[in-house]
Amino acid sequence: MFELGPALLFCPGDRPERFVKAAERSDAVILDLEDAVAPDAKAAARAHVAASGLDPARVIVRVNAPDTAEFDDDLAMLAASPFRTVMVAKTEDAAALDRFDESYSLIALCETARGVSEAARIAANDRIVGLMWGAEDLVASLGGTASRHADGRYRDAARYARSRVLIEASAHGKAAIDAVHIDIDDVQGLAAEAEDAAASGFRATACIHPGQVATIRSAYAPDAQTLAWAREILAAAEGERGVFRFRGRMIDEPLLRHARAVSARGA
């Protein structure tokens, strides 16, 4: 079960001087061997990740896509390392995940048209603990040029992919991770997206700058009034059977599940 989050911070694998601070400032660090690293720096990045000495319980390693020449070298490095939580870039085929043995916990990045289309099969894989989506690679795979409108709203294709990944992950009991907000200075936009992610059922939000961590954590943490409401309902339910009335409102199992989710986020 995925228990990291809510703020997952990407860090380029070829910037070892940033590893410790990134891990300290986030709920988990994603050491990136894929898009953040230039082709001629990937071998060095693998060496840096292997020698990082970070706590494996709070590290996710993003490897290159299974259909790339770099994938085999990434797997060889991982096998000799203590890291076993792996994010697989541009996952498009559940069968490709069979390259990982049962010791690994995988997060599939469904960030292409085919990856989103195959989200259900990918989520069903036994090694998968979470799905994440990505807007920019998705739109590129569609032949588009922008994932957002001028006012910052996602275009319909991106919104569909976000919803599809969330639903398929949840349908298979896996965590859903929301995409990065690439406009680092847009704190208000990040806060709104993270709040929506938490309310919709995402387990975490990825980010690309340590300055975004506090905003994400705040968005996922329920306010005092909401947390008190959830705890009061759960306490009242202990002496009830089935649907019951609480402060003038009928409480049933869906509302109890909402309250349990809020209570867990406020723990």
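Conventions and cut-offs
Residues numbered from 1 in each chain as written. Predicted model: local features only at pLDDT ≥ 70, side-chain atom pairs only at ≥ 80, totals over all residues. Heavy atoms only, no water. Salt bridge = Lys/Arg side-chain N within 4 Å of Asp/Glu carboxyl O. Helix = DSSP H or I, 4+ residues; strand = E, 2+ residues; numbered from the N terminus. Buried < 20%, exposed > 50% of the residue type's maximum accessible area, 1.4 Å probe, protein only. Pairing = 2+ DSSP bridges. 1 Å grid on protein atoms, 1.4 Å probe; cavity = no way out; pocket = protein on both sides within 12 Å on 5 of 7 lines; lining within 4 Å. Points joined across faces, edges and corners; volume = space filled by probe spheres on them. Domains from an automatic or database assignment. Nonpolar A, V, L, I, M, F, W, Y, C, P; charged D, E, K, R; others polar.

Going by the annotation in an unreviewed UniProt entry, the name recorded for the protein chain is CoA ester lyase, with Microbacterium aerolatum given as the source organism.

Colleague: What am I meant to see in the pattern of salt bridges here?
Modeller: Two side chains that carry opposite charge are able to pair once their charged atoms sit near each other. The final tally for this structure, using the stated rule, is 20 salt bridges. For D137, the salt bridge goes to K90, with nearest N and O atoms at 3.6 Å. Taken as a pair, D137 in helix α6 (residues 135-142) and K90 in the loop between β4 (85-88) and β5 (105-110) lie far apart in primary sequence, 47 residues in all. With relative accessibility at 23%, the residue D137 sits in the partly exposed group. Here E232 and R247 are joined by a salt bridge, their closest N and O atoms 2.8 Å apart. In this pair, E232 is assigned in helix α10 (residues 224-237) and R247 in the loop between β9 (244-246) and β10 (249-251), connecting sequence segments 15 residues apart. Residue classification places E232 among the partly exposed residues on the basis of a relative accessible area of 32%. Judged by its relative accessible area of 68%, R247 is exposed.

Colleague: Hey, could you run me through the pairing of strand β6 (residues 128-133) in this one?
Modeller: The side chains of a regular strand alternate, residue by residue, between the two faces of the sheet. Summarising burial for β6: six of the six residues are buried, a large majority. As judged from the five bridges shared by β5 and β6, these two strands associate in the parallel manner. From the neighbouring strand, I107 faces β6, where its bridge partner is G130. Across three bridges, β6 lies against strand β7 (residues 175-178) in parallel orientation. Bridge assignment links M132 to a residue of β7, and that residue is I177.

Colleague: Looking at this structure, I do not really get unusual backbone geometry. What am I missing?
Modeller: What you tend to see is this: most non-glycine residues have negative phi, and most peptide bonds are trans. For K90, which is not glycine, the phi dihedral falls at a positive 45°. Accessibility expressed as a relative area gives 22% for K90, which makes it partly exposed. The phi angle at R247 is positive, at roughly 50°, despite the residue not being glycine.

Colleague: What is the right way to look at the layout of surface pockets in this model?
Modeller: Regions of empty space are outlined by a rolling probe, equal in size to a water molecule, passed over the atoms. Each pocket or cavity is described by its volume, and for the largest pocket that value is around 1,000 Å³. Listed by contribution, the elements that provide at least two residues to the lining of the largest pocket are α7 (156-171), β7, α8 (187-200), α9 (213-220) and α11 (253-265). Ranked by the residues each element gives to the lining of the largest pocket, the list is headed by α11, at eight residues. Residue assignment places the lining of the largest pocket across two domains, with domain 1 (7-220) and domain 2 (224-266) each supplying three or more. Approximately 340 Å³ is the volume found for the second largest pocket. Every residue lining the second largest pocket is counted, 21 residues in all, and those nearest its centre are F10, R62, V180, I182 and I208. Those elements that provide at least two residues to the lining of the second largest pocket are β1 (7-12), β6 and α6. Class assignment of the residues belonging to the lining of the second largest pocket gives a composition of 13 nonpolar, one polar and seven charged.

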